[in-house]
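One-letter residues, chain by chain:
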Amino acid sequence: DPIPTRSGCHLDDHRLWRDVAIHHPMDRLRAADAAAAAQGIRPRVAFLGRLTKDELLGEYASALCVVCPAFDEDYGLTCLEAMALGKPVIACVDGGGYVELIENGVDGFLVEATGPAIAEAIERLRDPALAREMGARGREKAKAYTWPKAIDHVERALNEAFTRAPHRGSHR
């Protein structure tokens, strides 16, 4: 059964993870948007689909925080984008790469993968000073993650691997 939260949303955890936390075609997103409107939660929940870069930056700018409920995310680019734009991030403790990026309570929150746990973290960020402080810390952390640094890291790893590997074709 749907669980009411302090902010008035009713969350059905099973349906949330099955139907919303994975990518869907626009017709499914429109249906989810209509269901949110029918339950009276539309102003707080919107299913936007694919956005242009400018639209995405606008959404980040207007957001209190960014919620990344992915299960076992490989890397966490969404998290880094949000941090780079000064937004605190809420992710789940089973979020894979997100767990490696977020320092719980410092630049975001790591919570159990349930609607009420996510809602509670959002409520905590309604404190503007806390949201600003966490966002600023995330922005500083994100500066360490750049494409040139990523390329350097890969090149170093490849050089180390080639240095340690026995040379093919050598007859010893």
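Everything below is about the structure shown above.
Residues numbered from 1 in each chain as written. Predicted model: local features only at pLDDT ≥ 70, side-chain atom pairs only at ≥ 80, totals over all residues. Heavy atoms only, no water.

Peer 1: Even after reading the chapter, I still don't get the overall build of the chain, so can you show me in this structure?
Peer 2: Secondary structure assignment for the chain yields 8 helices and 5 strands. For the chain, with 172 residues in total, the buried portion stands at 28%. (Helix = DSSP H or I, 4+ residues; strand = E, 2+ residues; numbered from the N terminus. Buried < 20%, exposed > 50% of the residue type's maximum accessible area, 1.4 Å probe, protein only.)

Peer 1: Hey, could you run me through the sheet that holds strand E4 (residues 89–92) in this one?
Peer 2: By definition, the strands of a sheet pair up through backbone hydrogen bonds, in either a parallel or an antiparallel sense. The strand order E3-E4-E5 describes an open sheet built from 3 strands, whose pairing is parallel. Looking at which strands have only one partner, the edges of the open sheet turn out to be strand E3 (66–68) and strand E5 (108–111). Mean inter-strand twist for the sheet, computed between neighbouring axes without regard to direction, equals 15 degrees. Contacts from helix H6 (residues 115–124) reach E3, E4 and E5 within the one sheet, and its direction differs from that of E5 by about 160 degrees. (Pairing = 2+ DSSP bridges. Axes fitted to C-alpha atoms, helices over the stretch in contact; angles between N-to-C directions. Contact = heavy atoms within 4.5 Å.)

Peer 1: What am I meant to see in a negative patch on the surface here?
Peer 2: Taken together, the side chains of Asp72, Asp74, Asp94 and Glu112 make up a negatively charged region of the molecular surface. Relative to the elements of secondary structure, aspartate 72 occurs in the loop between E3 and helix H4 (77–84). (Patch = residues over 30% accessible without salt bridge, like charges linked within 9 Å, V, L, I, M, F, W, Y side chains within 5 Å. Areas by Shrake-Rupley, 256 points an atom, 1.4 Å probe, with all protein chains shown as cover. Salt bridge = Lys/Arg side-chain N within 4 Å of Asp/Glu carboxyl O. Lys, Arg positive; Asp, Glu negative; His and termini not counted. Charge placed at Lys NZ, Arg CZ, Asp CG, Glu CD.)

Peer 1: Mind showing me how you'd approach the pairing of E4 here?
Peer 2: Walk down a regular strand and you will see the side chains alternate between the two sheet faces. Covered by surrounding structure in E4 are Val89 and Ala91 together with Ile90 and Cys92, the residues of both alternating faces. Crossover E3 to E4 through H4 is right-handed. As defined by bridge partners, E4 adjoins E5 across 4 bridges and the pair is classed as parallel. The partner of valine 89 across the bridge, within E5, is glycine 108. (Right-handed = clockwise from strand over helix to strand, strands pointing away.)

Peer 1: Even after reading the chapter, I still don't get helix H2 (residues 26–38), so can you show me in this structure?
Peer 2: Working note: α-helix, 3.6 residues per turn, so residues spaced by three or four point in the same direction. A rise of 1.5 Å per residue sets the reference length of H2, with its 13 residues, at 18 Å; its end C-alpha atoms lie 18 Å apart and thus fit the reference within 8%. Residues of H2 that are buried: Leu29, Asp33 and Ala36. Each buried residue of H2 sits inside an arc of 60 degrees when the element is viewed along its axis, so together they form one side. Exposed positions of H2 whose direction lies more than 90 degrees from the buried face are Asp27, Arg30 and Ala38. One or two steps after H2, the chain reaches glycine 40, where phi turns positive at roughly 80 degrees. (Expected span 1.5 Å × (residues − 1). Arc of directions from axis to C-beta.)

Peer 1: Got a minute to help me understand the pattern of salt bridges in this structure?
Peer 2: Where charged atoms from two side chains of opposite charge approach closely, those side chains can pair. A complete count under the given rule lists 4 salt bridges for this structure. The partner of glutamate 123 in a salt bridge is arginine 126, with the nearest N and O atoms 3.5 Å apart. Accessibility expressed as a relative area gives 22% for glutamate 123, which makes it partly exposed. Ionic pairing is found between lysine 143 and glutamate 140, a salt bridge with its closest N-O pair at 2.8 Å.

Peer 1: Sorry if this is basic, but what is going on with a nonpolar patch on the surface here?
Peer 2: A cluster of nonpolar residues, Tyr75, Leu77 and Tyr145, forms a patch on the protein surface that exposes about 310 Å² of accessible area. Examined against the element boundaries, tyrosine 145 turns out to sit in the loop between helix H7 (128–142) and helix H8 (147–164). Taking relative accessible area as the criterion, tyrosine 145 reaches 37% and is therefore assigned partly exposed.

Peer 1: Before we go on, may I ask you to explain the packing of H4 against H7 in this structure?
Peer 2: Helix packing geometry: the angle between the two helix axes and the distance between the axes. Packing of H4 against H7 brings their axes to within 7 Å, and their N-to-C directions diverge by 115 degrees. Between H4 and H7 lies a crossing whose hand is left-handed. Contact with H4, carried on its side by Leu80, Met83 and Ala84, involves Gly135, Gly138, Arg139, Lys141 and Ala142 of H7 and no other residues of that element. (Left-handed = near helix turned anticlockwise from the far one by under 90°.)

Peer 1: I keep staring at the side chain of aspartate 107 and nothing clicks. Help me out?
Peer 2: Along the chain, the position of aspartate 107 falls in the loop between helix H5 (97–101) and E5. Its relative accessible area of 2% is what places aspartate 107 among the buried residues. Of the polar contacts made by the side chain of aspartate 107, one reaches the backbone nitrogen of glutamate 103; its length is 2.8 Å. Polar side-chain contacts of aspartate 107 include one of 2.6 Å to the side chain of lysine 141. With sequence-adjacent residues up to four places away left out, aspartate 107 is seen in contact with Met83, Pro88, Val89, Leu101, Ile102, Met134, Arg137, Gly138 and Lys141. (Polar contact = N/O pair within 3.5 Å; in protein donor to acceptor, adjacent residues only side chain to side chain.)

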